Amino acid sequence: MTGPLAPTPTLELLRAAAALCGPAAQRLFEVLAEDYPASLERRPGQLLRAADASSADLDGLLAAAGVASTDDLRLLAARESGLRLAEPDLRFTSRDPESEPRERSALRRMITAEEGNLRRTLADLQANGALELAAAALLRARRRWVLGDLKSAGYASLLTSDLTSSMRDVFLVQPATGAAVNAISDAHADDVLVVFSFRNYSGLTVDVAREFRALGASVIALTDSYTSPVCSFATHVLAVDTRSESPHHSPTAVAAAAHVLAALAAAGAKGAARRNRRRAELFRSLGSYGLGPAQSAASVAEGAPDLPEPAAGPRGASATDASGLPAAPGDEHPPAR
């Protein structure tokens, strides 16, 4: 590149947008215009550091100029200038002493890997029907237990929160022997246990799954392989792709699969919309949240799959969920016969 080109319509549009967006946007424009269009070959993070700006400033500048992203801006600049602009180098330095310079991880490769994990996992779970069967098991259950150990404790907490918003009798089992013993002692054959189990596999998770299965309860396992130890005791296996460019397993597809499972269960749960609305009212009345609009009943009920309704709960069961809040009127199960 021999130097900056004469002002182009796109550059002038960015100049006008920067004047509207404030000092940070003006600094960004100056960095972009300094050697435009060659500046667009730099990573967005490099541009932000040079301009002492934030990602929100860059998004605001591009939106005011009517451009969707820096990739689109680079395409416009290349079309106007007749030059071929290279994509930014998304390499980042690895501090692992065993990594060779040419093998250092690249941000683009990691993003591509995560997108692939998500696409393959959801496509496979949709194709083999595992998600629908697992959601139906959650709906039929009298009580729902969720367990995750080590890193999986975070997944279990997220799923418990999602399930609690749409149905009652959801219990998070803490990854400790005492809590596991209490859960197994209170479990029933009509219950369901959801476990997260990934390398390195937790012995506690496998043992709890074995005990629940021995009771006759259903076990839903979100795991990374059909050969993982927990699969021997699982009624439903949701195989999740966790390959990663980092030393740790990827959480992207795990969190997505758990969220879809909870969403399917919520769509088929009787009274889920009423319960969700009642919980939102309680949170606002307690001053905890209420900064955003409440979710409409139509958005919850829309697209509900043809799943069976939940079975009747035990007589005299407490009308509270895992968060300690009262269940919405109409959510109580009829007494067991």
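Not measured: the values here are computed from a predicted model.

Student: Requested: an account of the sheet that holds strand β4 (residues 218-223), with residues and values cited.
Tutor: Across the sheet, which stays open at both edges, the five strands sit in the order β2-β1-β3-β4-β5 with parallel pairing between neighbours. At either end of the open sheet lies a strand with only one pairing partner, and these are β2 (170-173) and β5 (236-239). Shown here is a sheet whose adjacent strand axes are inclined to one another by a mean of 15 degrees, direction ignored. By the bridge criterion, six bridges tie strand β3 (residues 192-197) to β4 in an arrangement that is parallel. Residue L193 lies in a different strand from β4, and its bridge partner there is V219.

Student: How would you summarise the pairing of β2 if you had to cite specific residues and measurements?
Tutor: Sheet topology note: the strand β1 (residues 144-148)/β2 ladder contains four bridges and is parallel. Pairing of L147 across the sheet is with V173, part of β2. In this fold, β1 hands off to helix α8 (residues 152-164), which returns the chain to β2; that crossover is right-handed.

Student: Quick rundown of unusual backbone geometry? Include the residues and the values.
Tutor: Omega for the bond connecting Y36 with P37 falls within 30 degrees of zero, at 5 degrees, which places this linkage in the cis form. In this structure, N200 follows R199 across a cis peptide bond, with omega equal to -10 degrees. Position of N200 among the secondary structure elements: in the loop between β3 and α10 (203-215). Of note in this structure, D52 is not a glycine but carries a positive phi near 55 degrees. Mapped onto the elements, D52 comes out in the loop between α3 (44-51) and α4 (55-64).

Cut-off values and rules
- Each chain has its residues counted from 1, following the order in which its sequence is written.
- In keeping with the predicted nature of the model, local features appear solely for residues at pLDDT of at least 70, side-chain atom pairs appear and are counted solely at 80 or more, and the whole-chain, interface and lining totals rest on all residues.
- By convention in this description, side-chain values take in all heavy atoms of the structure and omit both hydrogens and water.
- In this description, strands pair whenever DSSP reports at least two bridges between them.
- The numbering of helices and of strands both runs from the N terminus, where a helix is a DSSP run of H or I of at least 4 residues and a strand a run of E of at least 2.
- Only the stretch in contact is used when a helix axis is fitted, and all axes are lines through C-alpha atoms; the angle between N-to-C directions ranges over 0 to 180 degrees.
- By convention a crossover is right-handed if, when the strands point away from the viewer, the path from the first strand over the helix to the second runs clockwise.

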